[in-house]
Structure formats: structure tokens, C-alpha cells
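Spelled out, the chains give:
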Amino acid sequence: MKDGETWDSVEGAGKDLENMNNYLEQELHVPPKHICILRGSDATRDGIIDVFRSHLIDNESIRKGDAIIFYYSGHGDTTQAPEGWNIIADDQLIESLAPYDYGTPGADTKLLGGIPDRTIAALLEQVANKHGDNITVILDCCHSGHGTRGGSEKVPLYQVRGIDPTKAIRLHEDVDREIWSSVSASAAQKFWRGAFAKRRDKSHVLLAACGPREDAVGNAEGGIFTRSLIATLCRQDIRPRSYAEVMKHVTEALQNTHSWSKQRPQCEGVTRDRLIFQEVQIKQDMFEAKWQANVKNFRIEGPCGVLGVLPETQIELYSLNPQYEIERIVGTATVTEVESDHCLAKVAEDIDVEGRHITARILHHPYKLRFALTSDVVELSEAGQELFELLDGSFAQLPRTLERVSTDADPDLILKIYHDPITGAGLSLHRKDLHLRNLATPPPLLSMEELKTTNIIGILNRIAHFNFYLDQTNELHPYAGDVQMEFWLLGVGRGTPRPLKKEEIFKNDEATIVGSNDNGYAFVLRNTGKMPLYPHIIYFDTCTYEISVWWSSADATPPLKPRGKLQIGASAEHRLPFEFFVPAGQTIDTSMLKVFLMQSPMKLDFMKQGPQLGPDRVMHALRASTDRDKETIATPPVRGGWDSITYKITVRNGNGKE
């Protein structure tokens, strides 16, 4: 950054580059010719964009899947969006990286502004389209403030890495149009503010120094985030070395060395559960298994209460290679003791664990999805009879998770063959389980052609997975009585968190709203109890049977304090508001939200599954999958340490008709 009257050069940015370069060359053994560094007067606006193209996008020496890193240490800024930019944010603010020539006259005499999130997102999409999505973006800057922090005996003086918002340069409407208009139409027409950090971004993983409205700081020794990140990356004891796990330790390291700092590093992106700088995705149903030689058993680390583990549950033990890929099964074990965050298991026979990284897969007693097959007509058509025979043959051998029963035996699901005069024969799925039987939404449908190429057993098995976790509860309910969730329509504002405008009241744990792409929502959790908690919000799509983790804390300390509250949505915890709408072709849609309350930090990503039905499904990848059947357990655990609350949100279309 240039010295000037409105902003100062970034202290320690050169030190950050030196430390990052040393890490890449000495620890990762990256050849120097693969690293391009722009510092000082070389890091102009045009210089950064030009090298982005030449070194990353158009570099023919990069092979598909190679690790790509974009690192930035400097100032960030926040400005009002140019007119005509369709931003999905009520405050219409954009975030930018500030280059060396920020604020100087450009070729058209206009003052040069930052490189906005929209431009960076488009450049990253071009890189991903050509070279794959093994891309890591590391930003040691902030977009919220400026000046200094500290300056006392206890807290040394640190510089905030942000431009004074009152002096930030506003961009003109056509800035970088040739870049962002060349990507997908949707990206050119509308985009999220803060596109560096979209949670659903598939092009890259973001490692950021702080959350929105927080200050990233540094001094002559460099940014405290970069120092904590490199120190953590050099550790060899972190397992698994996924982005999410590494960043959890970065947060802990930063808090231990700079306890006065309020900046919270962020890890964003769909692929944040991959091994860092690799394409290997961590298997979410594998858990750390630690051998305890003194008692001759394994300690399995994981949310065993939520998983439904009980004594006598069987465990498979696997040896993994450094890439976290299964090498071979090394033995089995039987659970002897269960706690909410771990279990103990005895091995059936002696196994060699010396020098091996062992993980465990939990094999539950089967939760059986009870289903029946019937027809909506007395006499089947020729196509209907063909469909019946196709399904009847598929059900000849069922996994332990499924049980075929008669329609009068109280099934959870009725598969009904129908005949439509236009579309022909098909299958409708009528839900009869406790949570889904009273939904106003129409039953999911599968056509004859879909069923011919569909692994129907796989779909039913994933419905069993969906039903089990939707129903999973702790009979002791140690925390549910202390925690309430509020559902709020957001007002317009520039602050974070955004102001709460109107509470949508839950009546019998159900809220009803009118769907609109213009409305943003947030959840507020209130803890009236004495126990600090780690909450998780899990979304269950009743149309597609998709399960998504909407919010899960990576903090080392419990985010929901005793007698405290937590806003999730348009806040530091979750920067984007939540949106609800009615899918095309429907007039009403109901989703289920489940709030899991944990006493210790845990990941619940093992619940996730993609859409199985409906327009969002990925047909061949999901329906034709022949992966191991997931088995669940009908009896809920009774140990403390966790709890859950289930909510229902019904969205009606704008005309109020059903």
C-alpha cells in the first residue's frame, strides 16, 4: 500500500510474504518457479489481475487437480456498490482488496478502487473451470475498520488491516466487466456480497483472518492470523489435516497467543472437509480411534450419543494412509461403554496398531424403514404391472435397514403405483412416519423411466437415514428446556448483525411464512440455563430428502453462553441471511430444522446427504450409488451431553393460495 494522508502502509505485509514463501518452499517443497510474489509497487491493481491470468488461469503447466494457492496480506475495504450491480444484500455494500495504487488516478483519470469480491470470485471460477477446484484462498485483511488497536502494557500496539470506510474509493459500474461478465450468466447478473466467503462456493476454500465487522491486525512481525496459520500448518499432530480441523487449531493458537484479540478466523467453502491443499475428501462416517494400551481397548472420538451407539454396537477398524484413504481393515471391536462424545470398544482379537493411523466405522443395529408396495387402482395397466414386477424383484433381497410390510401393518412409507393418462405409470411416495405424515406438500413422484435407471434400494436406504436423524432425540432432554430458538424477518441495515424486524412465531414448533427472494431471515438462540453449549442447525428438506448442515460452530469455546444469545444469519456467526421460497410448480413447501445442542465441540457432517428426489437431485451420482448401506438404530441413546429440538417451517407462495 502507498503511504498517504488517508491510509497507512500495511505493517508486516512483507514479513507475511517472506514467512508464507518459506513455508511453501521449505515445508511443502514447492519449486520457486511455481511461486509468483507481488509486493509493494508491483502489487498494483492491473498487476494483480494480470498475474492472476498469466500465473493461474492461462498457465499450461498446471495439471488438473494441482493445488493452487492465492495469498493476500494487506488492506481490505468496504464501499457502496455501483449502481446497476445486483447484490443479494440489503445494505448494498461490497468488499474489496486494496492494491498498491489504490486511490491514485487511473487511465480514465478516475481514482482506482479496490479489486472487488465480484471480480475475485469470477477469476477463481475461471481457474476452477480450467484446472479443478483444489484452490485455497488465504486473506489476511479485514473490511470493517482502520487505525490501531492496543497500545497498553498488556496489549502491544497493532495496526488494523482495513481502509477507513469514510475514505474508501467507490467503484464505477463497469469496473472489471470484461472479467465477471465472462463467467456463468447467473454470476454476471447477481451475486452475494462477500463472495470471497460463500459457504456454498465450490470453486475454492477460503481461509480468512476474521469474520465480517471484525478487525484483522498485525505489526512489523506480520499479521497475527498468518503467524498462527503457518505455525499450525507446521504441526504434525493434527489429524485429520482437513481445512476445517486445521482452522480450528489456528483459532485456538491465535486465542492462546493473543487472548485480547476479538478476530475469529473463518473457514468457508463446500470442500472445507478435504485434506488441506489436496483433493481428498474426508469420509464423514469415519472417526478417530485411539488405542489405549493399558486397558487394551480403543477410544472412539465422535458424537456417539447422536449416532445412536449403544453397548454391544459393532465397530470396524481401518488403517489409513497419509492421504486419509483406507488401506485395509485391521479388525473389529465391540462397544463396552458409551458417552455423548466418545465410546470405548474392546477388540475381538489382537491387532497390530504400531505406527498406524486407525479410524473406526460404526455399524449400528438396524433401524428398519418399514415400507409397503401398493397401487391406487384395482387393476394395474400393462405398464403398471411391468413397474410392479420391476419393484417386486428389487425388493427380493433387502438390507437390514429396510423391511417390507403390508399396508395394514403401520408402515413408515407407502410406495403407491399410479397411472397418469399423459405421463404413464409411476411411483408416489406417501409418508406415514410421525414427522412427515401430516405435510401439506404433495408426495414425491418417480416416473417409470426414472425407476428403470434408479437404485430404488439406495433411495429407500437414504430415506431411512433421513428419518432416523430427523427423529433422533435424547430421552433425558438435559438442555432443550433451557434453549429457545426465535425466527426473525430481518430489517434493512448496514450493521452486523442486521437488525431484527419481525419475529415469526413458532406455534407448536411450526412457523408459517410467505416465500420471497427479497426477504432475509435469521435465527436467534437463547440459553437460559447454566451450561455453555455448541449448537448446530441441521436442515431437512422433506421434498428431496436432502440433509444439510446450515450452521455449525468451529470455535474452540462454546458460542452459546449461559444466559446468553446467539444470532445466526446476517451476523458474525453466519454472514448471509437465510432465504425461504416455494419450489417451482408448488404452492406450499415445508422444511424441518433440527437444533442439536452439544456439551463439547463436535462435527455432525456425517448426517449430510444430497437430494435424492425432485428437480435438485443428481441422478447418476446419488441414485445409482452402490455405497455401503448406512445402518441406524431405532432406540435413542439415554446418556447426557447432548440434546435436540425439532422445528417446522412452512412456506406459502405469495398469492396465499395452496
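Residues numbered from 1 in each chain as written. Predicted model: local features only at pLDDT ≥ 70, side-chain atom pairs only at ≥ 80, totals over all residues. Heavy atoms only, no water.

1. Here's the deal with the overall build of the protein chain
Counting secondary structure elements, the protein chain contains twelve helices and 31 strands. Of all 658 residues assigned to the protein chain, the portion counted as buried reaches 55%. Considering only residue pairs separated by 6 or more positions, the protein chain has 74% of its internal contacts joining residues 24 or more positions apart. Here the protein chain displays about 29200 Å² of accessible surface, and carbon together with sulfur accounts for 48% of that area. (Helix = DSSP H or I, 4+ residues; strand = E, 2+ residues; numbered from the N terminus. Buried < 20%, exposed > 50% of the residue type's maximum accessible area, 1.4 Å probe, protein only. Contact = heavy atoms within 4.5 Å. Areas by Shrake-Rupley, 256 points an atom, 1.4 Å probe, with all protein chains shown as cover.)

2. Brief notes about the packing of aromatic side chains
In total, this model carries 22 aromatic pairs according to the counting rule given. Taken together, a centroid distance of 5.9 Å and an interplanar angle of 70° make the contact between F287 and F606 edge-to-face. Here F606 lies in the loop between β30 (588–598) and α12 (619–623) and F287 lies in strand β12 (residues 286–292), a separation of 319 residues in the sequence. Neither F287 nor F606 differs from the other in exposure class; each is buried. Between the aromatic rings of F466 and Y545, the centroid separation amounts to 4.9 Å while the plane-to-plane angle is 80°, which identifies the pairing as edge-to-face. Here Y545 lies in the loop between β27 (534–541) and β28 (547–552) and F466 lies in helix α11 (residues 456–471), a separation of 79 residues in the sequence. As far as the burial class goes, F466 and Y545 line up, both buried. (Phe/Tyr/Trp six-rings, centres within 6.5 Å; stacked < 30°, edge-to-face > 60°.)

3. Re the sheet that holds strand β3 (residues 93–97)
The sheet built from three strands is open, its strands ordered β2-β3-β4 with antiparallel pairing. One side of each edge strand has no neighbouring strand; the edge strands of this open sheet are β2 (76–80) and β4 (115–116). In the sheet, β3 pairs with β4 via two bridges, with the strands oriented antiparallel. Along β4, the bridge assignment pairs L97 with I115. (Pairing = 2+ DSSP bridges.)

4. Digging into helix α1 (residues 13–27)
In this model, α1 (15 residues) spans 21 Å end to end at C-alpha, consistent with the 21 Å of a helix rising 1.5 Å per residue. The complete set of buried residues in α1 reads A13, D16, L17, M20, N21, Y23 and L24. For α1, the angular spread of the buried residues around the axis is 155°, confining them to a single face. Buried residues along α1 sit against β1 (68–73), β5 (135–140), β10 (222–223) and α6 (224–233). (Expected span 1.5 Å × (residues − 1). Arc of directions from axis to C-beta.)

5. With respect to unusual backbone geometry
Located in the positive-phi region is D176, a residue other than glycine, with phi close to 60°. With relative accessibility at 7%, the residue D176 sits in the buried group. Here H477, not a glycine, exhibits a phi torsion of approximately 45°, which is positive. On the secondary structure map, H477 appears in the loop between α11 and β23 (483–490). Assessed through its relative accessible area of 39%, H477 is described here as partly exposed.

6. Some details on the confidence of the model for the protein chain
A residue-level look at the protein chain finds 86% of positions with pLDDT of 70 or above and a mean pLDDT of 84. Segment residues 185–200: pLDDT under 50, and 61 contacts once partners within four positions in sequence are set aside and those in other chains are kept. Counting contacts from residues 615–639, a segment whose pLDDT is below 50, to residues more than four positions away or on other chains yields 74 contacts. (pLDDT = per-residue confidence, 0-100.)

7. Some words on helix α3 (residues 117–131)
Compared with the 21 Å implied by 1.5 Å per residue over 15 residues, the 21 Å span of α3 between its first and last C-alpha is a close match. The buried count for α3 comes to eleven of 15 residues, which makes it a mostly enclosed element. Within two residues after α3, G132 carries a phi angle of roughly 100°, on the positive side.

8. What about the sheet that holds β1?
Strand pairing in a sheet takes place through backbone hydrogen bonds and is either antiparallel or parallel in direction. Across the sheet, four strands lie side by side as β1-β5-β8-β11; this open sheet has mixed pairing. A single partner strand is all that each edge strand has here, and the edge strands are β1 and β11 (266–268). Averaged over all pairs of adjacent strands, the angle between their axes in this sheet comes to 10°, without regard to strand direction. Note that β1 and β5 share six bridges and pair parallel. When the bridges of β5 are listed, Y71 appears paired with I138. (Axes fitted to C-alpha atoms, helices over the stretch in contact; angles between N-to-C directions.)

9. Some details on the environment of R400
Mapping R400 onto the fold places it in the loop between α9 (382–394) and β19 (402–404). Owing to a relative accessible area of 47%, R400 belongs among the partly exposed residues under this scheme. C-alpha separation for the pair R400 and K368, spaced 32 residues apart in sequence, amounts to 6.7 Å.

10. Examining the packing of helix α2 (residues 45–57) against α3
Here α2 crosses α3 at 15°, and the two axes come no closer than 10 Å. Judged by the angle between their axes, α2 and α3 are roughly parallel. Viewed along their axes, α2 and α3 form a crossing whose handedness is right-handed. Listed contacts from α3 to F52, L56 and I57 of α2 are L123, L124, Q126, V127, K130 and H131. Taken together, the residues of the contact of α2 with α3 break down into six nonpolar, two polar and one charged. (Parallel < 35°, antiparallel > 145°, perpendicular 65-115°, else oblique. Left-handed = near helix turned anticlockwise from the far one by under 90°. Nonpolar A, V, L, I, M, F, W, Y, C, P; charged D, E, K, R; others polar.)

11. A closer look at the pattern of salt bridges
Per the stated rule, a full pass over the model turns up 17 salt bridges. Notably, a salt bridge pairs R177 with D174, separated by 3.0 Å at the nearest N-O pair. You can call R177 partly exposed: its relative accessible area is 33%. A single network of salt bridges, built from pairs that share partners, joins D16, D140 and R161. (Salt bridge = Lys/Arg side-chain N within 4 Å of Asp/Glu carboxyl O.)

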